[in-house]
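Chain by chain, the residues:
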Amino acid sequence: DLIEFLKSRRNNGDKLILWTCRENETLKQAVEWCSEQGLEFDAINDNLPEMIERFGNSRKVGCDFYIDDRALSGNMYRLLKGVC
């Protein structure tokens, strides 16, 4: 459900950033897996290019929502779906 939700948000013009502790091969595998599911990102472990251009780069990625796949309960997901 989350993959489909994120794909629909991106199709509606939202920008998606993958922010993960993965690096090297495990990061590559995660990005490839998401791509196989049809989920693409506008940035990976970084701010959006347009935000970097406007404000400079910061270690903290700016966004409207942070979605943690291990912390997001089904109820929270349904609430988020209703907000967006």
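Residues numbered from 1 in each chain as written. Predicted model: local features only at pLDDT ≥ 70, side-chain atom pairs only at ≥ 80, totals over all residues. Heavy atoms only, no water.

Further remarks concern the environment of Phe65. Relative to the helices and strands, Phe65 is located in the loop between α3 (49-55) and α4 (74-83). Between the C-alpha atom of Phe65 and that of Leu16, which follows or precedes it by 49 residues, the distance is 10.0 Å. (Helix = DSSP H or I, 4+ residues; strand = E, 2+ residues; numbered from the N terminus.)

Position of Asp68 among the secondary structure elements: in the loop between α3 and α4. A C-alpha to C-alpha distance of 9.4 Å links Asp68 and Trp19, two positions 49 residues apart in sequence.

Under the counting rule described, the total for this entry stands at five salt bridges. Close ionic contact of Glu4 with Lys7 constitutes a salt bridge, the shortest N to O distance being 3.1 Å. Residue Glu4 and its partner Lys7 are both found in helix α1 (residues 2-11); the two are separated by three residues, about one turn of the helix. (Salt bridge = Lys/Arg side-chain N within 4 Å of Asp/Glu carboxyl O.)

Turning our attention to the nonpolar core. If you look at the biggest cluster of nonpolar residues, it comprises eight residues: Phe5, Leu6, Leu16, Leu18, Leu27, Cys34, Leu39 and Phe41. Mapped onto this core, the elements with two or more residues apiece are α1 and α2 (24-36). (Core = buried A, V, L, I, M, F, W, Y, C linked by side-chain atoms within 4.5 Å. Buried < 20%, exposed > 50% of the residue type's maximum accessible area, 1.4 Å probe, protein only.)

Here we take up unusual backbone geometry. For residues besides glycine, phi is generally negative; the peptide bonds are generally trans as well. Within the chain, Asn24 stands out as a residue other than glycine whose phi angle is a positive 55°. Looking at where Asn24 falls in the secondary structure, it is placed in helix α2. Relative accessible area serves as the criterion here: at 64%, Asn24 is assigned to the exposed category. If you check the backbone angles, Asn45 has positive phi at about 55° while not being a glycine. Assignment of secondary structure puts Asn45 in the loop between β2 (43-44) and α3. Assessed through its relative accessible area of 25%, Asn45 is described here as partly exposed.

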